[in-house]
Amino acid sequence: EAQVTQNPRYLITVTGKKLTVTCSQNMNHEYMSWYRQDPGLGLRQIYYSMNVEVTDKGDVPEGYKVSRKEKRNFPLILESPSPNQTSLYFCASSQRSGFDNEQFFGPGTRLTVL
Amino acid sequence: QQQVKQSPQSLIVQKGGISIINCAYENTAFDYFPWYQQFPGKGPALLIAIRPDVSEKKEGRFTISFNKSAKQFSLHIMDSQPGDSATYFCAASRGNSGYSTLTFGKGTMLLVSP
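Residues numbered from 1 in each chain as written. Chains lettered and ligands numbered in written order. Predicted model: local features only at pLDDT ≥ 70, side-chain atom pairs only at ≥ 80, totals over all residues. Heavy atoms only, no water.

Asks: Would you mind going over the environment of Val60(A) in detail, with residue names and values included?
Replies: All names here are of chain A. In this fold, Val 60 is placed in the loop between β6 (54-57) and β7 (65-66). For Val 60, a relative accessible area of 16% puts it in the buried group. Sequence spacing of Val 60 and Ile 46 is 14 residues, and the spatial spacing of their C-alpha atoms is 4.9 Å. Contacts of Val 60, omitting those with residues within four sequence positions, involve Arg 36, Arg 44, Gln 45 and Ile 46. (Helix = DSSP H or I, 4+ residues; strand = E, 2+ residues; numbered from the N terminus. Buried < 20%, exposed > 50% of the residue type's maximum accessible area, 1.4 Å probe, protein only. Contact = heavy atoms within 4.5 Å.)

Following this line, the structure appears as structure tokens:
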């Protein structure tokens, strides 16, 4: 089954404790991205990657890191989480750039930083 | 600067009625306009999309109307059903930018009452 998987689905942590949210896709997609979803703010892009070893900042990159060492994986790293990073996070992937670029979203990771 | 403005924030429609969600964009370079549907606890999924060379696209009960001169587009859900209750996001991207980063509206929470 073609899908984007994220782990963990739920995470409660404390301020300053480094964490990683994993994302993996099995569709051989080149493009992957991370979004955060907050009430009243919609979906905001954090980082994206056009291919292996190619990443770039989205609209809200502060406090986050990413890496793309393999085509299928795109982990999101919070080096020192803070309460304002409490949010619902989505990983997405797409086949190509250009027109009709459907993005496939993972199931989400709900993060709470105390 | 919010590049895609979506309204209303929430909407209640009776079963069988028409649901209408509106979006307006500012960047004239946008050339791909998808709508995503998100059910509680799930990631968003592509519902329907349009390019600016057509003024309307219909898929089943879902229709996108596009007004290029006004820089507006809308989603119409005919014969709305309780199963349509979800959050809807409009989005826009530049298909010729190399990577089609999606800019999302803030979302509309639709409730279809039985």
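Asks: Can you explain the interface of chain B and chain A? Please cite residues and give values.
Replies: Accessible area lost during the coming together of the parts is what is often quoted as the interface size. At the junction of the two partners, chain B supplies 21 residues and chain A supplies 25 residues. Joining chain B to chain A, the criterion identifies zero salt bridges. Our count for the contact surface shared by chain B and chain A stands at two residue pairs in polar contact (both at pLDDT 80 or more). Broken down by class, the residue content of the side of chain B that touches chain A amounts to eight nonpolar, nine polar and four charged. (Salt bridge = Lys/Arg side-chain N within 4 Å of Asp/Glu carboxyl O. Polar contact = N/O pair within 3.5 Å; in protein donor to acceptor, adjacent residues only side chain to side chain. Nonpolar A, V, L, I, M, F, W, Y, C, P; charged D, E, K, R; others polar.)

Asks: Which residues make up the pattern of salt bridges, and what values do they have?
Replies: If you walk through the whole model with that rule in mind, you get six salt bridges over all chains. A salt bridge links Asp38(A) to Arg44(A), with the nearest nitrogen and oxygen atoms 2.8 Å apart. Residue classification places Asp38(A) among the buried residues on the basis of a relative accessible area of 11%. In this structure, Asp84(B) and Arg61(B) form a salt bridge, with 2.8 Å as the shortest nitrogen-oxygen distance. Placement of the pair is Asp84(B) in the loop between β8 (72-77) and β9 (86-92) and Arg61(B) in the loop between β6 (56-59) and β7 (62-67), with a sequence separation of 23 residues. What makes Arg61(B) partly exposed here is its relative accessible area of 27%. Among the charged side chains, a network of salt bridges with common partners joins Lys18(A), Lys65(A) and Glu79(A).

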